[in-house]
Amino acid sequence: MKKDLTASGVARQNILNNRYALEEIQKAIGLKGVLFEGEYKYTKKQLAEFFEIDVRTLTNCMKQNDDELTNNGYVVLMGKSLRDYKLASAESFGKEIDFPTKTTVSIYLT
């Protein structure tokens, strides 16, 4: 029986709890996250570019699904965590030019 990920929270959760599945999906779709604190993280910009939508559209969708996203690892990085993420990102992608020098808060999805 085929699972409809848009309608089944349980099916989505089963994938999110399977690290192997996430790694295979990442390879198949070509979206490279940053392995940070044991989880793959993606910026809103990365996701918006992947889905070919505006970041504002993604933000609105995220607001509508905030509870599920928070339960599945959605985090806002600040302070030391953000600095550590930038270092991890630099190791994965090279020096990141999209981080303004005064960035103190950034939002990441796992």
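Presented here is a report on the structure given in the accompanying data block.

Comments concerning the nonpolar core
Line of reasoning, step 1. In this structure, Leu31, Tyr40, Tyr42, Leu47, Ala48, Leu58, Met62 and Tyr74 together form the largest nonpolar core, which totals eight residues.
Line of reasoning, step 2. Elements that contribute at least two residues to this core include exactly strand 2 (39-43), helix 3 (44-51) and helix 4 (55-64).
Line of reasoning, step 3. Ranked by size, the runner-up nonpolar core spans six residues in total, among them Phe36, Leu77, Leu82 and Ala88.

Digging into the environment of Tyr42
Line of reasoning, step 1. One can find Tyr42 in strand 2.
Line of reasoning, step 2. Sequence separation of Tyr42 and Tyr74 is 32 residues, and the distance between their C-alpha atoms is 9.7 Å.
Line of reasoning, step 3. A distance of 2.6 Å separates polar atoms of two side chains, one belonging to Tyr42 and the other to Gln26.

Details of a nonpolar patch on the surface
Line of reasoning, step 1. A grouping of Ile25, Ile29, Phe50, Phe51 and Ile53 is seen on the molecular surface, where their side chains present a nonpolar patch of about 420 Å² in accessible area.
Line of reasoning, step 2. When residues of the nonpolar patch are traced back to their parent elements, those giving at least two are helix 2 (19-29) and helix 3.
Line of reasoning, step 3. Position of Ile53 relative to the elements: it lies in the loop between helix 3 and helix 4.

So, the packing of aromatic side chains
Line of reasoning, step 1. Going through the model one piece at a time under the given rule, you end up with two aromatic pairs.
Line of reasoning, step 2. Where Phe36 meets Tyr85, the ring centres are 5.5 Å apart and the plane angle is 85°; that geometry is what we call edge-to-face. Within this pair, whereas Phe36 is found in strand 1 (residues 34-36), its partner Tyr85 is found in helix 6 (residues 79-93), the two being separated by 49 residues in sequence. For the pair Phe36 and Tyr85, a shared accessibility class is recorded, and that class is buried.
Line of reasoning, step 3. Note on Phe50 and Phe51: the rings are 5.0 Å apart at their centroids and 80° apart in plane angle, and the pair reads as edge-to-face.
Line of reasoning, step 4. The class of Phe51 is exposed, set by a relative accessible area of 52%.

About the cut-offs
- Residues numbered from 1 in each chain as written.
- Predicted model: local features only at pLDDT ≥ 70, side-chain atom pairs only at ≥ 80, totals over all residues.
- Heavy atoms only, no water.
- Core = buried A, V, L, I, M, F, W, Y, C linked by side-chain atoms within 4.5 Å.
- Buried < 20%, exposed > 50% of the residue type's maximum accessible area, 1.4 Å probe, protein only.
- Helix = DSSP H or I, 4+ residues; strand = E, 2+ residues; numbered from the N terminus.
- Polar contact = N/O pair within 3.5 Å; in protein donor to acceptor, adjacent residues only side chain to side chain.
- Patch = residues over 30% accessible without salt bridge, like charges linked within 9 Å, V, L, I, M, F, W, Y side chains within 5 Å.
- Areas by Shrake-Rupley, 256 points an atom, 1.4 Å probe, with all protein chains shown as cover.
- Salt bridge = Lys/Arg side-chain N within 4 Å of Asp/Glu carboxyl O.
- Phe/Tyr/Trp six-rings, centres within 6.5 Å; stacked < 30°, edge-to-face > 60°.

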